[in-house]
Amino acid sequence: RGHFEPIKKQKYQKPEGDFRKLLIGKWRHESESDGPYLEYTNKEIMADGVKTPYILSTVCMTEVYSDQINEKPIYISTLGGDENSEDDSQKDQCWVIVNVTEDALATQHIGAGSYTIYKRIK
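We now turn to the structure provided with this report. What you see is a predicted model; the values in this text were computed from it and never measured.

Moving on: unusual backbone geometry. A positive phi is found at Asp-48, a non-glycine position, where the angle reads about 50 degrees. Residue Asp-48 is classed as exposed on the basis of its relative accessible area, which comes to 67%.

Put into structure tokens, the structure is as follows:
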């Protein structure tokens, strides 16, 4: 009974489609031909042997940056980090995808403001 209308502007709406498809794979910093890389799977980022769950959304999912809500940008938020850790790599992080193609990924770290460009490892 009745008609169900999906909520279009839901705060934690997950973007599906091209972003996730393009993101999945192995990436290395553009200035390094050898060395460490990171790998995106459907649910985790793997870097230096550590698996970290992540989510793609139109809002930073970390508590510190949860006010960063936009319609167009897609954020990568890591989940389950230790906010009390002195090591930033152990804390929840948030990046905005500036651009992603088959061969290149550009992100900006929310908070630090630094840009990073990666090339896909084939």
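The next point concerns the sheet that holds strand β1 (residues 25–29). Taken in spatial order, the eight strands of this closed barrel run β1-β2-β3-β4-β5-β6-β7-β8, and their pairing is antiparallel. Sheet twist, expressed as the average angle between the axes of neighbouring strands with direction ignored, equals 35 degrees. Pairing of β1 with strand β2 (residues 38–40) involves three bridges; the strand directions are antiparallel. When the bridges of β2 are listed, Lys-26 appears paired with Glu-39.

On strand β8 (residues 115–120), burial follows the alternation: Thr-116, Tyr-118 and Arg-120 on one face are buried, whereas Tyr-115, Ile-117 and Lys-119 on the facing-out side are not. Both β1 and β8 contribute to a ladder of three bridges, which runs antiparallel. Following the sheet pairing, His-29 is matched in β8 by Tyr-118. Pairing analysis gives five bridges linking strand β7 (residues 104–109) to β8, with the strands arranged antiparallel.

The rules we used
- Residues numbered from 1 in each chain as written.
- Predicted model: local features only at pLDDT ≥ 70, side-chain atom pairs only at ≥ 80, totals over all residues.
- Heavy atoms only, no water.
- Buried < 20%, exposed > 50% of the residue type's maximum accessible area, 1.4 Å probe, protein only.
- Pairing = 2+ DSSP bridges.
- Helix = DSSP H or I, 4+ residues; strand = E, 2+ residues; numbered from the N terminus.
- Axes fitted to C-alpha atoms, helices over the stretch in contact; angles between N-to-C directions.

Limitation: the analysis is restricted to geometry and does not speak to function.
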